[in-house]
Number of protein chains: 2
Amino acid sequence: MKECCEMKGFLSFIVLKLISKGNMSGDEIREELKSRRGSKPSPGTIYPVLKSLSQSGFIEEVKSPGKAKKYRLTKKGKKEIAAATKKFCEIFYDMEDDFHKCCR
Amino acid sequence: MKECCEMKGFLSFIVLKLISKGNMSGDEIREELKSRRGSKPSPGTIYPVLKSLSQSGFIEEVKSPGKAKKYRLTKKGKKEIAAATKKFCEIFYDMEDDFHKCCR
DNA sequence: ATATTAGTATCGTATATCCGATATTGGATT
DNA sequence: AATCCAATATCGGATATACGATACTAATAT
């Protein structure tokens, strides 16, 4: 099924972005992504991303007793998301207009 | 070289977006992308994308005599970019704040 | 203690993405 | 017409992305 604009390749960016706004568990992230893009990423998609972000030192585990494990940004992760956000804006700067037009 | 947020996977989206704002040639697109994301996509990157968008019926050639071949959106392409833009906004809706903060 | 279950983790794989290198084309210059 | 050159096109391959299926784990319920 050949699609044109599938928005693939930004998962780790979005995941990092989400965590930057508040600690989240893998499952919470899956739910949030479901509401944003329609489909819920499979476990085999999201956990490897979290692992990779962890190994890169961008996020770290937060274990609350009796609750699902969450992740929070590290200092390094904050730098990373700041840089990535800047890059995002440089690439997509003219999408700002579309936000106004197309999304309420 | 493990990078976190490489912004890969959006090339066909951006290309379609660019063409939607005015007919462009492959080389013009390469130049525009260079200024946006820093690196200039190689020929082996951009022309297959244009071919693919063509085959999908989203763009078509415009041959001005004595000028480089350009592409323009088809009707189908207009629908596609509208839908893709909507999707983009739904996925990245909260990036609007970042546009204000981070880019001038 | 055992069973259950939600959440997490891993594995193998199909596909997409993008690249560098190389070939080809068409218009302009001579 | 022959040459040159910028633009376009193609090829093979490395890497990344995301998936479904399956396995594990820890907390709770029975």
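Residues numbered from 1 in each chain as written. Chains lettered and ligands numbered in written order. Predicted model: local features only at pLDDT ≥ 70, side-chain atom pairs only at ≥ 80, totals over all residues. Heavy atoms only, no water.

Participant: Break down the environment of A:Ser20 for me, citing the residues and quoting the values.
Facilitator: Residue and element names in this part refer to chain A. As for its placement among the helices and strands, serine 20 is situated in helix α1 (residues 11-20). Owing to a relative accessible area of 33%, serine 20 belongs among the partly exposed residues under this scheme. Residues within four places of serine 20 in sequence aside, it is in contact with Leu73 and Ile81. For serine 20, the side chain forms a polar contact with the main-chain oxygen of lysine 17, separated by 2.5 Å. (Helix = DSSP H or I, 4+ residues; strand = E, 2+ residues; numbered from the N terminus. Buried < 20%, exposed > 50% of the residue type's maximum accessible area, 1.4 Å probe, protein only. Contact = heavy atoms within 4.5 Å. Polar contact = N/O pair within 3.5 Å; in protein donor to acceptor, adjacent residues only side chain to side chain.)

Participant: Outline the protein's contact with DNA strand C, listing residues and values.
Facilitator: Surveying the vicinity of DNA strand C reveals 21 residues, the closest of which are A:Asp27, A:Tyr47, A:Lys69, B:Gly44 and B:Thr45. Taking all atoms of DNA strand C within 4 Å of the protein, the share assigned to sugar and phosphate is 64%. One of the backbone nitrogen or oxygen atoms of A:Asp27 is found 2.9 Å away from a phosphate oxygen of DNA strand C. B:Ser42 is positioned such that a nitrogen or oxygen atom in its side chain is 3.3 Å from a base nitrogen of DNA strand C. Looking at the surface near DNA strand C, the elements that each hand over two or more residues are α2 (26-37) and α3 (43-55) of chain A together with α3 (43-55) of chain B. No other element matches α3(A), which puts 5 residues into the surface near DNA strand C. Counted by class, the surface near DNA strand C contains 8 nonpolar, 8 polar and 5 charged residues. (Near = heavy atom within 4 Å. Nonpolar A, V, L, I, M, F, W, Y, C, P; charged D, E, K, R; others polar.)

Participant: Explain the pattern of salt bridges to me, and be specific about the residues and the numbers.
Facilitator: Summed over the entire model, instances satisfying the criterion amount to 24 salt bridges over all chains. Residues A:Glu61 and A:Lys69 are paired through a salt bridge, measuring 3.0 Å at the closest nitrogen-oxygen approach. For A:Glu61, a relative accessible area of 36% gives the class partly exposed. B:Lys17 is the partner of A:Asp98 in a salt bridge, and the nearest nitrogen-oxygen pair spans 3.0 Å. Placement of the pair is A:Asp98 in helix α5 (residues 95-102) and B:Lys17 in helix α1 (residues 11-20), with the two residues belonging to separate chains. A relative accessible area of 10% means that A:Asp98 is categorised as buried. Each member of the salt-bridge network shares a partner with another, and the members are A:Lys21, A:Glu32, A:Arg36 and B:Asp94. (Salt bridge = Lys/Arg side-chain N within 4 Å of Asp/Glu carboxyl O.)

Participant: Account for the protein's contact with DNA strand D, with residues named and values stated.
Facilitator: Lining the immediate surroundings of DNA strand D are 20 residues, of which A:Gly9, A:Thr45, B:Asp27, B:Tyr47 and B:Lys69 lie closest. Note that a phosphate oxygen of DNA strand D is positioned 3.5 Å from one of the side-chain N or O atoms of B:Lys51. Those elements giving two or more residues to the surface near DNA strand D turn out to be α3 of chain A together with α2 (26-37) and α3 of chain B. Of the residues belonging to the surface near DNA strand D, the class tally is 8 nonpolar, 7 polar and 5 charged.

Participant: Summarise the interface of chain B and chain A; cite the residues concerned and give the values.
Facilitator: Every contact between the two is made by 39 residues of chain B and, on the other side, 38 residues of chain A. Of the roughly 3900 Å² buried between chain B and chain A on both sides combined, carbon and sulfur atoms contribute 67%. Of all residues in chain B, B:Met7, B:Arg36 and B:Phe99 give up the largest surface area on contact with chain A, accounting jointly for 19% of the area buried on that side. In this structure, the connection of chain B to chain A is made through 6 salt bridges. In this structure, A:Arg36 engages B:Asp94 in a salt bridge whose closest nitrogen and oxygen atoms are separated by 2.7 Å. Where chain B meets chain A, there are 12 residue pairs in polar contact (both at pLDDT 80 or more). Mapped onto the side of chain B that touches chain A, the elements with two or more residues apiece are α1, α2, α3, α4 (75-91) and α5 (95-102) of chain B. (Buried area = accessible area lost by both parts, 1.4 Å probe.)

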